[in-house]
Amino acid sequence: MTVQLIGTAGPRGWPEPGCPCSSCARLPEGHRRPFDLRVDGPADGLLVYSPGEPVPEGRCELVLIDLLEAPEHLGLLRRRGVVDGATQVVAVGLDHRIRSEEELARRLAFWGAVAVPDGTFLPVAAAPRDVPLRTLLLGGARSGKSAEAELRLAAEPYVTYVATGPSGADDPDWAARVKLHRERRPAHWDTLETTDLAAAIRRARTPLLIDGLGTWLAAVFDEHGAWDGDRAPVAQRCEELAQAWRRARQRIVAVSDEVGLGVVPATASGRAFRDALGRLNERLAEESDEVTLLVAGRPVPL
């Protein structure tokens, strides 16, 4: 089987000159770059997949998929065995739903896919998936750090989302935020609600997304009555987490608040929390393979 992509299958610049929606974050319905195929020979092992379609049976040699719309569908294909490490995954339908070719390349590297120029004959070599084992994402409130964490793991077949914050039963605003996060996550991800992060890391059998360390530390302060009392148990819990993080065997992406850019807290307990979280961030950063700061939704590698 020989497959050639024709039409406008590959990147051609963001945004297109004269496009009426060039300033939009998302394109109007139906405005997608078309692509076409020329297939010589039996199309065994070829899958052209659109998100939302039924997942086929059996492994495929070559998968063409619109990853900009819903990259988690690639994770679902991996989960079902349709895509494995030798499958060539090519992103198609590329357009300015993403802001630049550089950002496209960054995301495709996370997902183990490639974009190819028009006229390319396929399959080409499968994209290598050299991903860091331990990633720490820092940022302020509404910086985009949670969305970035989800982006990193979107194409994984199995992910455990570790929720460290309260459910929001007594706080409607917090409950609404929790609901938004749940709806945004892929339906096939598992969820673990715990404050025993060290044990969760030691027992992990799938990649973990920990969101987040700030709410975890606040819960630890609560558990040990450390706001106005002895804070030694908090320091011990942080050290246990750092040791588990260092010895992690499964991929981890953790979200934490960058607290060093805000105002000085007015209370002693507030300053103690800020200092403890700052020390924890520094400790985990020392043991991380990648550390990134999120500013206004843009990742800044550290």
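Here, every reference points to the structure presented above.
Since the structure is predicted, the reported quantities are computational estimates derived from the model, not experimental observations.

(A) The overall build of the protein, seen in detail. On a plain count of helices and strands, the protein comes out with 8 helices and 13 strands. Relative to its full complement of 302 residues, the protein shows a buried share of 47%. In the protein, the share of contacts with a sequence separation of at least 24, taken over all contacts with a separation of at least 6, comes to 75%. Here the protein displays about 15,000 Å² of accessible surface, and carbon together with sulfur accounts for 52% of that area.

(B) Quick look at the packing of aromatic side chains. The final tally for this structure, using the stated rule, is 3 aromatic pairs. Where Phe221 meets Trp227, the ring centres are 4.6 Å apart and the plane angle is 45°; that geometry is what we call tilted. Its relative accessible area of 26% is what places Trp227 among the partly exposed residues. Pairwise contacts between aromatic rings join Phe221, Trp227 and Phe273 into one cluster. Above the ring of Tyr161, the side-chain terminus of Arg185 is found at 3.6 Å from the ring centroid.

(C) Local environment of the pairing of strand E11 (residues 252-257). Counting buried residues in E11 gives 5 out of 6 residues, a clear majority hidden from the surface. Inspection of the sheet shows strand E7 (residues 134-139) paired to E11 by 6 bridges, in the parallel sense. Looking at E11, one finds that Leu136 is bridged to Ala254. Inspection of the sheet shows strand E10 (residues 208-211) paired to E11 by 4 bridges, in the parallel sense. Bridged to Ile210 within E11 is Ala254.

(D) The arrangement of the sheet that holds strand E13 (residues 298-301) in detail. As summarised here, the arrangement of the 7 strands in space is E9-E8-E10-E11-E7-E12-E13, forming an open sheet in which the pairing is mixed. Only two strands of the sheet have a single partner each, and these edge strands are strand E9 (190-193) and E13. Within the sheet, the average angular offset between the axes of one strand and its neighbour, ignoring direction, is 25°. On top of the sheet, helix H3 (residues 145-153) reaches E7, E10, E11, strand E12 (290-295) and E13; it is set at about 175° to E11, its chief contact.

(E) Quick peek at the nonpolar core. Counting 31 residues, the largest nonpolar core has Ile201 and Leu217 as its most contacted members. Mapped onto this core, the elements with two or more residues apiece are E7, helix H5 (197-203), E10, helix H6 (213-223), helix H7 (232-246), E11, helix H8 (268-286) and E12. With near-sequence residues (within four places) excluded, Leu217 lies in contact with Val234, Cys238, Phe273, Ala276 and Leu277. Ile65, Leu68, Leu76 and Ala155 belong to the second largest nonpolar core, which has 25 residues in total.

(F) Focus on the side chain of Ser288. With respect to the helices and strands, the residue Ser288 is situated in the loop between H8 and E12. A relative accessible area of 16% means that Ser288 is categorised as buried. One polar contact links the side chain of Ser288 to the main-chain carbonyl oxygen of Leu284, over a distance of 2.7 Å. Aside from chain neighbours lying at most four places away, what touches Ser288 is Arg134, Leu136 and Trp245.

(G) Broad picture of the environment of Arg185. Assignment of secondary structure puts Arg185 in the loop between helix H4 (172-184) and E9. On the basis of relative accessibility, which here comes to 11%, the residue Arg185 falls in the buried class. Counting along the chain gives 24 residues from Arg185 to Tyr161, while the straight-line C-alpha distance between them is 8.8 Å.

(H) Structural context of a nonpolar patch on the surface. The grouping of Val295, Val300 and Leu302 at the surface amounts to a nonpolar patch, some 270 Å² of accessible area in total. Mapped onto the elements, Val300 comes out in strand E13. Residue Val300 is classed as partly exposed on the basis of its relative accessible area of 37%.

What counts, and at which threshold
- Residues numbered from 1 in each chain as written.
- Predicted model: local features only at pLDDT ≥ 70, side-chain atom pairs only at ≥ 80, totals over all residues.
- Heavy atoms only, no water.
- Helix = DSSP H or I, 4+ residues; strand = E, 2+ residues; numbered from the N terminus.
- Buried < 20%, exposed > 50% of the residue type's maximum accessible area, 1.4 Å probe, protein only.
- Contact = heavy atoms within 4.5 Å.
- Areas by Shrake-Rupley, 256 points an atom, 1.4 Å probe, with all protein chains shown as cover.
- Phe/Tyr/Trp six-rings, centres within 6.5 Å; stacked < 30°, edge-to-face > 60°.
- Lys NZ or Arg CZ within 6 Å of the ring centre and 35° of its normal.
- Pairing = 2+ DSSP bridges.
- Axes fitted to C-alpha atoms, helices over the stretch in contact; angles between N-to-C directions.
- Core = buried A, V, L, I, M, F, W, Y, C linked by side-chain atoms within 4.5 Å.
- Polar contact = N/O pair within 3.5 Å; in protein donor to acceptor, adjacent residues only side chain to side chain.
- Patch = residues over 30% accessible without salt bridge, like charges linked within 9 Å, V, L, I, M, F, W, Y side chains within 5 Å.
- Salt bridge = Lys/Arg side-chain N within 4 Å of Asp/Glu carboxyl O.

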